[in-house]
Amino acid sequence: MKLKSILALVLCIGTVLAACGGQQGGGKTNLKTANDSAAYAIGVLIGEQMKGDGLDSLDVNIMAAAVGQMLKGDTTLLIKKQNAQGFLMTYMQTKQKAKAEAAKGIGAAWLEKNKTKSGVKTTASGLQYEIIKTGDGALPIATDTITVHYHGTLTDGTIFDSSVDRGQPIDYCVKDFIPGWIEALTMMPVGSKWKLYVPSELGYGERGSGKIPPNSVLVFDLELIAIKSK
């Protein structure tokens, strides 16, 4: 979860608590008023988002206590307001770094096992590929604009992008693709279909991209349809 999202959630909690007169009902389950229902509804949404972002281990009682202290103007805060944002940013960065490092190890183990599969070839860079079909056209170079069809997933099968699903191939310059694609495409004659297994360092690395988490191994079904221009 991004820092702004967390701060927005905390603001929502504060707004509801303020609407309820600052009451905190640790074990409260009865919804007697519209304010009660609004508080509970926002709690459901916050819980869902926090769980989805891997923050379900946070102690919600501590969070609620801090909100209550702020609403009351309590000056005995354990973390001062001016330090809270920096503390939270450091926490999230540390958590994300640990997650990325774990993903890197998982990806390396996955590739090590995958390279033993029949038909999988591995290049010096670590790129793995299977030749599904070999075309009889020309080989593109880095400065060529080409037409390709592709279907991209994570190793667990999660689809992050697919021209196949959109039903529309794309035209793009070879040199503007990720390194794993550039390497593969310059070995693929037009008309070829390959399956690529792209290590994170040949994909989006530690930064990730959109639906692609940091240090992810990427799997592509890639078809080189044509060279459009030199």
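Structure first, text after, so check above.
Residues numbered from 1 in each chain as written. Predicted model: local features only at pLDDT ≥ 70, side-chain atom pairs only at ≥ 80, totals over all residues. Heavy atoms only, no water.

*Asks:* How do you make sense of the environment of leucine 127 when you look at a structure like this?
*Replies:* In this fold, leucine 127 is placed in the loop between strand E1 (121-122) and strand E2 (128-133). On the accessibility criterion, leucine 127 (0% relative accessible area) is buried. Here the alpha-carbon distance between leucine 127 and leucine 196, two residues 69 residues apart in the chain, equals 7.5 Å. For leucine 127, the contacting residues outside a window of four places in its chain are Lys121, Thr122, Gly180, Glu183, Ala184, Tyr197, Val198, Pro199 and Leu202. (Helix = DSSP H or I, 4+ residues; strand = E, 2+ residues; numbered from the N terminus. Buried < 20%, exposed > 50% of the residue type's maximum accessible area, 1.4 Å probe, protein only. Contact = heavy atoms within 4.5 Å.)

*Asks:* When you look at unusual backbone geometry in this model, what are you seeing that I'm missing?
*Replies:* Excluding glycine, a negative phi dihedral is what most residues carry, and trans is how most peptide bonds are arranged. The backbone of asparagine 215 sits at a positive phi, close to 60 degrees, despite the residue not being glycine. If you trace the backbone, asparagine 215 turns up in the loop between strand E6 (193-198) and strand E7 (218-229). Classification of asparagine 215 by relative accessible area gives buried; the value is 3%.

*Asks:* Got a minute to help me understand the nonpolar core in this structure?
*Replies:* A general tendency of soluble globular proteins is for nonpolar side chains to be buried together. Counting residues in each nonpolar core, the largest one holds 24 residues, and the members touching the most others are Trp181, Leu185 and Leu196. For this core, the elements supplying multiple residues, two or more each, are strand E3 (145-154), helix H6 (179-185), E6 and E7. In contact with leucine 196, other than residues within four places in its own chain, are Gln128, Tyr129, Gly180, Trp181, Ala184, Leu218, Val219, Phe220 and Leu222. (Core = buried A, V, L, I, M, F, W, Y, C linked by side-chain atoms within 4.5 Å.)

*Asks:* Where do I start with helix H4 (residues 81-114) in this structure?
*Replies:* Each full turn of the α-helix corresponds to 3.6 residues, which orients residues three or four apart in the same direction. Look at H4: 50 Å from first C-alpha to last across 34 residues, which is about the 50 Å you get at 1.5 Å a residue. Inspection of H4 places Leu88, Met92, Ala100, Gly107, Leu111 and Asn114 among the buried residues, and these make up the whole buried set. (Expected span 1.5 Å × (residues − 1).)

*Asks:* Looking at this model, I keep getting lost on a nonpolar patch on the surface. Mind explaining?
*Replies:* A contiguous nonpolar surface patch, about 290 Å² in accessible area, is contributed by Leu31, Tyr40 and Val44. Locating leucine 31 in the fold gives a position in the loop between helix H1 (3-19) and helix H2 (34-52). (Patch = residues over 30% accessible without salt bridge, like charges linked within 9 Å, V, L, I, M, F, W, Y side chains within 5 Å. Areas by Shrake-Rupley, 256 points an atom, 1.4 Å probe, with all protein chains shown as cover. Salt bridge = Lys/Arg side-chain N within 4 Å of Asp/Glu carboxyl O.)

*Asks:* Explain the packing of aromatic side chains here, please?
*Replies:* Counted by the stated rule, this structure contains 7 aromatic pairs. Relative to tyrosine 197, the ring of tryptophan 110 lies with its centre 5.9 Å away and its plane at 50 degrees, an arrangement referred to as tilted. Residue tryptophan 110 is located in helix H4, and its partner tyrosine 197 is located in strand E6; the two are separated by 87 residues in the primary sequence. Taking the relative accessible area as the measure of exposure, tyrosine 197 reaches 2% and is therefore buried. Ring geometry for phenylalanine 177 against tryptophan 181: centres 4.7 Å apart, planes inclined by 45 degrees, an arrangement best described as tilted. Note on tryptophan 181: relative accessible area 4%, which makes it buried. Ring pairs connect the aromatic residues Tyr150, Phe160, Tyr172, Phe177, Trp181 and Phe220, which therefore count as one cluster. (Phe/Tyr/Trp six-rings, centres within 6.5 Å; stacked < 30°, edge-to-face > 60°.)

*Asks:* Where do I start with the side chain of serine 200 in this structure?
*Replies:* Examined against the element boundaries, serine 200 turns out to sit in the loop between E6 and E7. Residue serine 200 is classed as buried on the basis of its relative accessible area, which comes to 8%. Not counting chain neighbours up to four residues away, the residues in contact with serine 200 comprise Gly205, Asn215 and Ser216.

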